[in-house]
Amino acid sequence: MNVTLGSKLNIVRSKRVVIGNTISAADIIISDGKISNILPWGKLQSSGSQIPLKAQTAMKIAHSPHPADAPIPVSVPFTLLDVGELIVMAGIIDPHVHVNEPGRTAWEGYRTATLSAAAGGITTIVDMPLNSLPPTTTVSNFRTKLQAAQGQCYVDVAFWGGVIPDNQAELTPMLHAGVVGFKCFLINSGVPEFPHVRLMDLHSAMSELKGTNSVLLFHAELEDTRGVPVTGDPTQYETFLNSRPDHMEVAAVEMVADLCLQYKLVFVETTHHYLTLSAENIPPGATYYKCCPPVRGHSNKEALWNALLQGNIDMVVSDHSPCTPDLKHLQDGDFLKAWGGISSLQFGLSLFWTSARIRGFTLPDVSRLLSSNPAKLCSLGNRKGAIKIGHDADLVIWDPDSEFQVQEKNIHHKNKLTPYLGFLLWGQVVATVIQGTLVYHKGKHISQPTGELILTHTVKPSESSGPYY
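This is a predicted model, so every value here is computed, not measured.

Undergrad: Tell me what's going on with the environment of Thr271, and back it up with residues and numbers.
TA: By the secondary structure assignment, Thr271 is in strand β14 (residues 269-271). Of the residues examined, Thr271 reaches a relative accessible area of 4% and is grouped as buried. In this structure the C-alpha to C-alpha distance between Thr271 and His96, which are 175 residues apart in sequence, comes to 9.0 Å. A polar contact of 3.1 Å, which involves the side chain of Thr271, links it to the side chain of His273.

Undergrad: Go over the side chain of Thr212 with me, naming the residues and quoting the values.
TA: On the secondary structure map, Thr212 appears in the loop between α5 (199-209) and β13 (216-219). Owing to a relative accessible area of 17%, Thr212 belongs among the buried residues under this scheme. Here Leu209 takes part through its backbone oxygen, which lies 2.7 Å from a polar atom of the side chain of Thr212. Polar side-chain contacts of Thr212 include one of 3.1 Å to the backbone nitrogen of Ser214. In this view, Thr212 contacts Leu175, Thr458 and Val459; residues no more than four positions away in its chain are not counted.

Undergrad: Give a description of the packing of aromatic side chains that names residues and reports values.
TA: Tallied over the full model, the rule gives 13 aromatic pairs. Plain terms: the ring middles of Phe142 and Phe159 are 5.6 Å apart, the flat faces sit at 65 degrees to each other, and that makes the pair edge-to-face. Linking Phe142 in helix α3 (residues 139-149) with Phe159 in strand β10 (residues 156-159), this pair joins segments that are 17 residues apart in sequence. Phe159 matches Phe142 in its accessibility class, with the two residues each being buried. By the ring-pair criterion, three or more aromatic residues cluster together here, those being Tyr110, Phe142 and Phe159. Just above the ring of Trp107 sits the side chain of Arg104; from NZ or CZ to the centre is 5.3 Å. A cation sits over an aromatic face here: Arg357 above Trp426, 4.1 Å from the ring centre.

Thresholds, definitions, all that
Residues numbered from 1 in each chain as written. Predicted model: local features only at pLDDT ≥ 70, side-chain atom pairs only at ≥ 80, totals over all residues. Heavy atoms only, no water. Helix = DSSP H or I, 4+ residues; strand = E, 2+ residues; numbered from the N terminus. Buried < 20%, exposed > 50% of the residue type's maximum accessible area, 1.4 Å probe, protein only. Polar contact = N/O pair within 3.5 Å; in protein donor to acceptor, adjacent residues only side chain to side chain. Contact = heavy atoms within 4.5 Å. Phe/Tyr/Trp six-rings, centres within 6.5 Å; stacked < 30°, edge-to-face > 60°. Lys NZ or Arg CZ within 6 Å of the ring centre and 35° of its normal.

Below you can see the structure in the form of structure tokens.
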């Protein structure tokens, strides 16, 4: 790799390109940040220097008539990135990220979150409607969030709206404003400005969304109505686990399944921490393992992996939910008081591959679960999540056979506290390309953020000429 950060690439070449269900030796031709063609490896030959090629010239090269088995000579200079045997895959889409800006920017922010994402081969994140202040529950609040993100993002960023009690009148206007869909909680979210919904609220929201191409995401836990008091040592993980028994999740999933049957909407996700961690291995006082729903036992983890293999879970996401160290109550190790959330954004690909590689998953499986299915969920499947002509040239270049240790000095998100410190992981990200631009390479980022704030269109434009808000 002899191109510099910030280069506008015209060709990315590899012996191992993940295209659909295949791995091929290919040249990916890029024009104006889009994939304009995919050719057999080495089809283009040139002695030109490595400077950008105009988009129209690249298109002419890509479609030049030439014998099928002969190289295409090119007399115009272009920028070629030849990565040899490294894997080239569609950039990862992470649709479950809490950026927290504005309002709780000390927890995380757009700059640090997207630096972390780029280092992990993630080319698009979708920002959750909480825990920022204000939350994304009205069009006005959404505009505030867009202003906060402007000019800070090293990867592309899309946005979820939030469903809370009595905001159903804001949902369609938020769709028109560009959110990709909505998130709600069935239990206390942990922040007062984002209250959880009841069944009546859900019927109102889903009736409002019916007929659109939007989706509604659920935090699937219901309050425990058995009223059993929490007892035990709060520094022991088992005490926290017992405070949120699994029947809370079962009841929530049953409710959501019933609603999905009524409204014909369903996707299923899991996260890297539920696939990687086990309750039996969480040390006393290690509150940086706390999340909600809790990490459960080894048998639960194995059941999730089996569901992935069977195709019953559609995608794997980070649920990156950081906070400042003091909120984790590290000094007293109290699981019951600590903020619930795990930081993992940068390491999702490696966390997943470390376990998936020994369980029969293929590289196309990785791309489907981390890229193409998340893109479809977020109404981005027409431009992201696959190496396909016409799609954005969003690529992750990585080495599945490289092992590395997670070290604090290499973490780019704002607060470095994570249960994965010291873990040995397989699958190191080497470079990240977003809309044809090389934004990350071997620990270094492009000097200025170039990410796009993505506004989607999941409803038909209003017939009214007036504003939606």
